[in-house]
Amino acid sequence: MFKSVIKQALFLFTTTVIIAALLGVVHYVTEEPIQAQLEKELLLAKQILLPSATTFETVDITKDNVPSVKMVERGLDISGSKVGYVVTVTPKGYGGEILIMVGFDASISLTSYRILKSNETPGLGDMAAKPEFTSRFEGWSGFPIDIVKNPAKETEVQAITGATITSKAMVQGINNAAEIVTFIEEENNEQS
């Protein structure tokens, strides 16, 4: 009986070591291609948001009180002139943080946004990625935007029916992105 328990324990231990080693090899082999694919997807999203940009450079954020802003990148055309910004934000939606990339042209008008990661409710919250909702913001330049059920003012956008929390999160992310870009532009103008 005791020998049987030891045999089973050794078998389980050996199996666990072999599986762990295989997982380590798989992780090592796939880590670099996965990272390369992620970088390609991020570059594609930036180019969709700011098509006239050929390169992107990270902007140091000196204003630390803008919630959810993770990164700001300046888009440059082939001559090195600024054509706009791409801001990565993570507002909190119904299903947790939503990873969004927001594009602005040189005049701080919103080009569009792309949701990179979301756990919002399928069929409701994921409507925020659909053109029916994203198109409401294209060309927008009057910030902040308010989200309401029945818009009556130019600064208001209608929420997605059944997904008010997601709608508010999207607008919060866009407003935060616009705030940091406006701050960067004002700071640049003061230094000029």
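Cut-offs used in this document
Residues numbered from 1 in each chain as written. Predicted model: local features only at pLDDT ≥ 70, side-chain atom pairs only at ≥ 80, totals over all residues. Heavy atoms only, no water. Salt bridge = Lys/Arg side-chain N within 4 Å of Asp/Glu carboxyl O. Helix = DSSP H or I, 4+ residues; strand = E, 2+ residues; numbered from the N terminus. Buried < 20%, exposed > 50% of the residue type's maximum accessible area, 1.4 Å probe, protein only. Pairing = 2+ DSSP bridges. Axes fitted to C-alpha atoms, helices over the stretch in contact; angles between N-to-C directions. Contact = heavy atoms within 4.5 Å. Polar contact = N/O pair within 3.5 Å; in protein donor to acceptor, adjacent residues only side chain to side chain. UniProt positions renumbered as here; feature names shortened; annotations may be inferred. Expected span 1.5 Å × (residues − 1). Bend = angle between axes of the 7 residues up to and from the residue.

Caption draft 1: Quick look at the pattern of salt bridges. This structure, assessed with the given rule, holds 3 salt bridges. In this structure, E57 engages R74 in a salt bridge whose closest nitrogen and oxygen atoms are separated by 2.7 Å. Separated by 17 residues along the polypeptide, E57 in strand β1 (residues 55-58) and R74 in strand β2 (residues 69-76) bring together distant segments of the chain. In this structure, the salt-bridge partner of K82 is E185, at a minimum N-O distance of 2.8 Å.

Caption draft 2: Focus on the pairing of β2. With 6 of 8 residues buried, β2 is to be regarded as a mostly interior element. Taken together, the 7 bridges between β2 and strand β3 (residues 82-89) define a ladder with antiparallel strand orientation. Considered in β3, the bridge of V72 is made with V87. Turn length for the β2-β3 hairpin, with the two strands adjacent in sequence and antiparallel, is 5 residues, and the turn residue G80 shows positive phi of about 90°.

Caption draft 3: Inspection of the sheet that holds β1 at higher detail. As summarised here, the arrangement of the 5 strands in space is β1-β2-β3-β6-β7, forming an open sheet in which the pairing is antiparallel. What marks the edges here is a single partner per strand, and that holds for β1 and β7 (110-117). With direction set aside, neighbouring strand axes in the sheet form an average angle of 25°. Inspection of the sheet shows β3 paired to strand β6 (residues 99-105) by 6 bridges, in the antiparallel sense. If you follow T88 over to β6, its bridge partner there is M101. Contacts between helix α1 (residues 2-49) and the sheet are confined to β1, β2, β3, β6 and β7, with β7 contributing the most and set at about 160° to the helix.

Caption draft 4: Main features of the environment of E120. Of note, E120 is situated in the loop between β7 and α2 (131-134). Taking the C-alpha atoms as reference, E120 lies 7.2 Å from T166; in sequence the two are 46 residues apart. For E120, the contacting residues outside a window of four places in its chain are G93, Y94, G95, G96, I98, G125, D126 and T166. Only 2.5 Å separates the side chain of E120 from the side chain of T166, close enough to count as a polar contact.

Caption draft 5: Molecular detail of the UniProt feature "domain: FMN-binding" (unreviewed entry) in the protein chain. The positions that UniProt labels "domain: FMN-binding" (unreviewed entry) are, in the present scheme, residues 93-181. From the first C-alpha to the last, residues 93-181 spans 22 Å; its make-up is 25% helix and 27% strand.

Caption draft 6: Representation of α1 in the model. Here α1 is 48 residues long and its end C-alpha atoms lie 67 Å apart, about the 70 Å a rise of 1.5 Å per residue gives. At T30, α1 shows its maximal kink, close to 35°; a proline, P33, follows between one and four residues later. Along α1, the residues classified as buried are A45, K46 and L49. On the buried face of α1, the contacting elements are β1, β2, β3, β6 and β7.

Caption draft 7: Representation of the pairing of β7. Where β6 and β7 come together, 6 bridges link them in antiparallel fashion. The residue bridging G103 from the neighbouring strand is S112, located in β7. A loop of 4 residues connects β6 with β7, the two strands running antiparallel in sequence, and I108 in this loop sits at a positive phi of about 60°.

Caption draft 8: Looking closely at the UniProt feature "modified residue: FMN phosphoryl threonine" (unreviewed entry) in the protein chain. Per the UniProt record, the feature "modified residue: FMN phosphoryl threonine" (unreviewed entry) sits at T164. As for its placement among the helices and strands, T164 is situated in helix α3 (residues 164-191). The exposure class of T164 is partly exposed, given its relative accessible area of 25%. Setting aside residues no more than four positions away along its own chain, T164 makes contact with K149 and A159.

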